[in-house]
Amino acid sequence: MVILGREVRDYMADMIYTDTMDGAYKAARHLIKKGHERIGFLGRSRERTPHRLDGFKKALQEYGIPEVPEYIHPYLQKEQDVFDVLDRNVPACKDIYQTVTLPTKLAVRSSTCGIGRGPFGEKAASMNDLMLSEKERQSIRSKKATAVISFHYAGKAWMELHLKGIRNIFDSLGISIIGTTDAHFDPRLQCRQLESLRMLEPDILIAMPTDNKITADAFRRIADSGIRLILISNVPDGLHPGDYVTCVSINEHSHGQNMGHGLGEYMSQHNLKHYGMIVHGADFYATAQRDNAAKQVLGEECPSLHLCGSVRFGKEDEVYQKAGDLIRRYPEIEALYISWDGPAMEVIAALTELGRTDIAIVTSDLDYADAVNMARGGMIKALSAQCPYEQGQAIALAAARSILNKEVPSFIGIESISVTSDNLLKSWKKVFKEEPRQELLEAFKENPNYVSAVH
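Nothing here was measured: the structure is a model prediction, and the numbers come from that model. (Residues numbered from 1 in each chain as written. Predicted model: local features only at pLDDT ≥ 70, side-chain atom pairs only at ≥ 80, totals over all residues. Heavy atoms only, no water.)

### A short note on the overall build of the protein
Basically, it comes down to this: Put simply, DSSP H or I for four residues or longer makes a helix, DSSP E for two residues or longer makes a strand, and each gets a number counted from the N terminus. With the radius of gyration taken over C-alpha atoms, the globule rule is written as 2.2 Å times the number of residues to the power 0.38. For every residue, the accessible area obtained with a 1.4 Å probe (protein chains only) is divided by the maximum for its type, and the residue is called buried under 20%, exposed over 50%, and partly exposed between those limits. Note on contacts: a residue pair is in contact if any heavy atoms of the two residues lie within 4.5 Å. The convention is simple: Lys and Arg are positive, Asp and Glu are negative, and His and the chain ends are not counted. In plain terms, the charge of a residue is placed at NZ if it is Lys, CZ if Arg, CG if Asp and CD if Glu.
Tallying secondary structure elements over the protein gives 15 helices and 16 strands in all. Rg of the C-alpha trace for the protein: 30 Å, well past the compact-globule value of 23 Å for 455 residues, more than 25% over. Looking at the protein residue by residue over its 455 residues, the buried ones come to 48%. A sequence separation of at least 24 residues applies to 70% of the contacts in the protein between residues at least 6 apart. Distance between charge centres in the protein, computed from 54 positive and 60 negative side chains, equals 3 Å.

### Concerning the pattern of salt bridges
Applied cut-off: Here, a salt bridge means any Lys or Arg side-chain nitrogen found within 4 Å of an Asp or Glu carboxyl oxygen.
Taken as a whole and assessed by the stated rule, the structure comprises 16 salt bridges. Linking Lys 26 and Asp 22 is a salt bridge whose minimum nitrogen-to-oxygen distance equals 3.0 Å. You can see Lys 26 and its partner Asp 22 sitting in helix H1 (residues 20-33), four residues apart, about one turn around the helix. The partly exposed category is assigned to Asp 22, whose relative accessible area is 29%. The partner of Glu 435 in a salt bridge is Lys 429, with the nearest N and O atoms 3.5 Å apart.

### Points about the environment of His 36
Among the structural elements, His 36 can be located in the loop between H1 and strand S3 (41-42). With a relative accessible area of 43%, His 36 lands in the partly exposed category. Between the C-alpha atoms of His 36 and Lys 433, which are 397 residues apart in sequence, the distance is 61 Å. Here His 36 is in contact with Leu 31 and Ile 65, once residues within four sequence places are set aside.

### With respect to empty space enclosed by the protein
Where we set the bar: Using protein atoms alone on a 1 Å grid, points that fit a 1.4 Å probe yet trap it form a cavity, whereas open point sets bounded by protein on both sides within 12 Å along at least five of seven lines form a pocket; residues with an atom within 4 Å of a point count as lining. Grid points are joined across faces, edges and corners, and a volume is the space filled by probe spheres set on the points. When residues are sorted by character, Ala, Val, Leu, Ile, Met, Phe, Trp, Tyr, Cys and Pro go into the nonpolar class, Asp, Glu, Lys and Arg into the charged class, and all the rest, Gly among them, into the polar class.
Scanning the model with the defined rule gives one cavity of 30 Å³ or more in all. Empty space within the largest cavity amounts to approximately 290 Å³. Lining the largest cavity are 25 residues; nearest its centre among them are His 152, Trp 158, Trp 340, Asp 365 and Gln 386. Those elements that provide at least two residues to the lining of the largest cavity are helix H5 (157-173) and helix H9 (285-301). Looking at the lining of the largest cavity, the element that brings in the most residues is H5, giving four residues. Here the residues of the lining of the largest cavity are counted per class, giving 14 nonpolar, five polar and six charged.

### Thoughts on the pairing of strand S5 (residues 146-151)
Rules: Strands were regarded as paired on the criterion that DSSP finds at least two bridges between them. Handedness of a crossover is defined as follows: with both strands directed away from the viewer, a clockwise route from the first strand across the helix to the second makes it right-handed.
Most of S5 sits inside the fold, with six of its six residues counted as buried. Residue alternation in S5 divides its side chains into two sets, Thr 146, Val 148 and Ser 150 and Ala 147, Ile 149 and Phe 151, and both sets are buried. In terms of strand pairing, S5 meets strand S6 (residues 176-182) through six bridges, oriented parallel. Paired with Ile 149 across the strands is Thr 180, a residue of S6. Note on the crossover from S5 through H5 to S6: the handedness is right-handed. Pairing of S5 with strand S7 (residues 204-207), which is carried by four bridges, proceeds in the parallel orientation. When the sheet's bridge partners are listed, Val 148 is paired in S7 with Leu 205.

### Topic: H9
What counts here: In this scheme, a helix's expected span is set at 1.5 Å multiplied by one less than its residue total.
Over its 17 residues, H9 runs 24 Å from end to end, which matches the ideal 24 Å to within 8%, given 1.5 Å per residue. Of the residues making up H9, those classed as buried are Tyr 285, Ala 286, Thr 287, Gln 289, Arg 290, Asp 291, Ala 293, Ala 294, Val 297 and Leu 298. Buried residues along H9 sit against strand S9 (246-250), helix H8 (252-269), strand S10 (274-280), strand S12 (335-338), strand S13 (360-364) and strand S15 (411-414).

### With respect to the nonpolar core
Applied cut-off: What is meant by a nonpolar core is a set of buried Ala, Val, Leu, Ile, Met, Phe, Trp, Tyr and Cys residues, joined one to another through side-chain atoms within 4.5 Å.
With 82 residues, the main nonpolar core has Ile 278, Leu 336 and Ile 361 as its most contacted residues. With 20 residues, the next largest nonpolar core counts Phe 219, Ile 227, Cys 247 and Ala 286 among its residues.

### Thoughts on the sheet that holds S5
What counts is decided by this rule: Note on geometry: axes are C-alpha line fits, over the in-contact stretch for helices, and angles between N-to-C directions span 0 to 180 degrees.
Ordered by their spatial adjacency, six strands build an open sheet running S6-S5-S7-S8-S9-S15, and the pairing between neighbours is parallel. Edge positions in the sheet fall to S6 and S15, since each has one partner strand and no second. The average angle at which neighbouring strand axes cross in this sheet is 15°, direction not considered. Bridging between S9 and S15 involves four bridges; their strand directions are parallel. Each bridged residue has a counterpart across the sheet, and for Val 248 the counterpart in S15 is Ile 412.

### Brief notes about the environment of Phe 151
Among the secondary structure elements, Phe 151 is positioned in strand S5. Phe 151 sits in the buried class, given a relative accessible area of 3%. A sequence separation of 84 residues divides Phe 151 from Glu 67, and the C-alpha atoms of the two residues are 78 Å apart.

### Some thoughts on the layout of surface pockets
Approximately 430 Å³ is the volume attributed to the largest pocket. Forming the boundary of the largest pocket are 24 residues, of which Tyr 266, Lys 381, Ala 382, Thr 420 and Ser 421 lie nearest the centre. Per-element tally for the lining of the largest pocket: the top contributor is H8, with six residues. For the lining of the largest pocket, the per-class residue count stands at eight nonpolar, 13 polar and three charged.

Spelled out as structure tokens, the structure:
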């Protein structure tokens, strides 16, 4: 038993209550320091508010203000009792009653962090739900399972760390990766690659869809073949839980919140007012959830900021032109939200060409190029970093459980981390599982504001 609110004497239990004596003392002292001397005390009962009254009297005594019995009323039980006291002691208030409506401000704290949702509204499960016993591990090793992987595009640290995390688990379980493809963000190429991978007859196929509509038929053939399908971030059209083992992503809601907070806080600190958004226009629930979470943060928690305009892109090679058009249309823009780091680098190129390197950028995903830009004091001021190595491990564990026909949640979400230049080196170690490169350390030396971060 834990007793809350008031001290109960002679009872053996944990108790949590407020230091009301100190609160009343500070309140009375505040009024005295403001020059007030005729200060009243209104309380419900001496038994319920003894410490408050003691604190009030302590302040009067400390500052040499005499107690006036007519001003001290600790036994007020009803609302009318309060009115009667006020009528006797503050008669002028009868003539100045008024109603004032005060504005409210939403103060968001970490206890309301976003709940990640899957494409069908399911709550994100944790990687902790996927752990295997040693007996289960031995059983998986005996099956000598095979797997193939279809990435939407490779060559980025995000994919490489996914693959590293997958291999870490698969190698320990004797699961062989017999094929890996790179679709270069071309959905039709991915369809052909999926067909080739299907012909290898693997036990497991892991894939990041490039387009939910164009690739839908190819993924349907995979699902109907009996191959255990593990999806990364998105679910192609027409597939539902039961057609695939699970979808593994991050908590896109908190990912977007990190980005929204990063942009809002930077703009507030630097007295900036006008921003724009460059968001992914494809029908991906994951990036849509991320972008909408950022919009919610900026709209609810940063009412003084003004969204000038927003543009959507389908492919990264569209971003350069669209970013330039946005800035030419709204030259007052001082900061930009961009869905992830690849498009962000295109935006930086466009803004550099326009001579607008004064614009701050907030984006997602930690890679070498954006890390160096941030370290040098470049345009990227904050980002939300996924933990792709852990996502890869979650993918592999989910696949392994499916080999044993064990239950696997239909959606698994991994938390992201907020990154600024202040915690960049520490975040690099957490995401990449290695010490920062020397080139990254050297980049800090080009930014006089953060030279100390190297040490």
